[in-house]
Amino acid sequence: MRIFLGPGGNCLTAKESSTESSFERLVELGLNTQEIEFVRNIYLTEKSAEKVGELAKKYKIKLSVHAPYFINLLSSDKKKVEASVKRILTSIDRAERMGADFVVVHAAYYGDYSEEEAFEKMKEITNKILEEMEKMKIEKTKLAYETMAKRSQFAGLEELLRLKEELDSKLFSICVDFAHLYVRNSGKITYSEILESLKNFDFIHSHFSNVKYNINTKKFLDEHIPINSHPPFEDLAKEILKRKVSIAIISESPKLELDSVKMKKVFESLGYKF
Ligand SMILES: [Zn+2]
């Protein structure tokens, strides 16, 4: 069992706004992973991705990548689907070059499709992406669809697990965003059930933050806030240790690495040694 903690994006408290400075800060804080955020654009060339990979090795930082937000594999506009696939494949190319394990993707919106239609379409297009990845000779990086907060978004945990099972590819996995699952299920989360459903995974890639609650509508919002309330973190940490799960937990709190440190302290208080 190994636990990896770190921020989604460069450390906010690094000396400079560079990736190397961020890795230095992670080492200082005793953290060991970072998600490279291509959410607004894929800002690394092939060469600079390789350089980031070398730095990550030097500082012993495990890497993952978050693909651009501008992706919708179920768009009714063919051009948008093609552009989405291209963004995913470019992200995967950079991720493989830097030695990252996962490319996390917000895959799609259901739009006018029924759940079953959407599932079949997603299976078809994901198979095509996986074929391309094989042609690109991708060995390390996995495509990982993220569990999404809104019911209009593809998809929840069950659908993604079913997709993983049916695709049956070593190049496909999922990213479990606990905050999103909490919002999707209207403020309910049972960590034991979630981890039970992932018991065949050798390694879990995940995101964690807390989320806003709107007192007027009595609804949880897909808005990330610092870790201080809900969903609870300590219960998750306990369940991870109980099951001896190997996991990366990327902090998507606005406090990024400082909340990773908070998570680290919780694990340590429960007896885990980093
Ligand atoms: Zn995400």
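Look up a bit, the structure's there.
Because the structure is a prediction, the values reported are computed rather than measured. One numbering rule holds for all chains: residues counted from 1, following each sequence as written. The predicted nature of this model means local features are confined to residues of pLDDT at least 70 and side-chain atom pairs, given and counted, to a pLDDT of 80 or more, with totals for whole chains, interfaces and linings taken over all residues. As a rule here, side-chain values cover all heavy atoms of the structure and leave hydrogens and water aside.

**Points about the coordination of the zinc ion**
Protein ligation of the zinc ion involves His 66 (NE2), His 106 (NE2), Glu 146 (OE) and Glu 146 (OE), the donor distances falling in the range 2.1 to 2.7 Å. Listed donor atoms are N, O and S within 2.8 Å of the metal (Na, K and Ca: 3.2 Å). As water is not included, a site may look incomplete. Under the classification used here, a metal with four donors is tetrahedral if each angle lies between 85 and 135 degrees, square planar if opposite donors are over 155 degrees apart and the others between 65 and 115, a six-donor metal meeting that same test is octahedral, and anything else is irregular. In this structure, the zinc ion is surrounded by four donor atoms whose angles at the metal cover 52 to 148°, and the resulting shape is irregular. Sequence positions of the donors to the zinc ion reduce to the motif H-x39-H-x39-E. Here His 106 lies in the loop between β4 (102-105) and β5 (108-109) and His 66 lies in strand β3 (residues 62-66), a separation of 40 residues in the sequence. Only protein chains enter the accessibility calculation, which uses a 1.4 Å probe; a residue is then buried when its area is under 20% of its type maximum, exposed when over 50%, and partly exposed in between. Of the residues examined, His 66 reaches a relative accessible area of 0% and is grouped as buried. We count a stretch as a helix when DSSP gives it H or I for four or more residues in a row; a strand needs E for two or more, and each element gets its number in order from the N terminus.

**Looking at the pairing of strand β9 (residues 204-208)**
Counting buried residues along β9, five of its five residues qualify, which places the element largely inside the surrounding structure. Here β9 pairs with strand β12 (residues 247-251) via five bridges, running parallel. In the strand pairing of β12, His 205 is matched with Ala 248. DSSP-based pairing: two strands are paired if at least 2 bridges between them are found.

**Concerning the packing of helix α4 (residues 115-135) against helix α5 (residues 157-167)**
When two helices pack together, you describe them by how their axes are tilted relative to each other and by the distance separating the axes. One can describe the packing of α4 onto α5 by two numbers: an axis separation of 11 Å at closest approach and a directional angle of 45°. On the basis of the axis angle, α4 is oblique to α5. For the pair α4 and α5, the sense of crossing is right-handed. Counted together, Glu 115, Glu 116, Phe 119, Glu 120, Met 122, Lys 123, Thr 126, Asn 127 and Leu 130 of α4 and Glu 159, Arg 162, Leu 163, Glu 166 and Leu 167 of α5 form the full contact between these two elements. Residues belonging to the contact of α4 with α5 are distributed by class as follows: five nonpolar, two polar and seven charged. For helices, the axis comes from a line fit to the C-alpha atoms of the stretch in contact; other axes are also lines fit to C-alpha atoms, and the angle between any two N-to-C directions lies between 0 and 180 degrees. Orientation categories follow fixed angle ranges, with anything under 35 degrees roughly parallel, anything over 145 roughly antiparallel, 65 to 115 roughly perpendicular, and all other angles oblique. Two helices crossing with the near one rotated counterclockwise from the far one by less than a right angle form a left-handed crossing, whereas a clockwise rotation gives a right-handed crossing. Contacts are assigned to residue pairs that have any heavy atoms within 4.5 Å of one another. Each residue gets one label: Ala, Val, Leu, Ile, Met, Phe, Trp, Tyr, Cys and Pro are nonpolar, Asp, Glu, Lys and Arg are charged, and the others, such as Gly, are polar.

Don't take any of this as a statement about function, it's just geometry.
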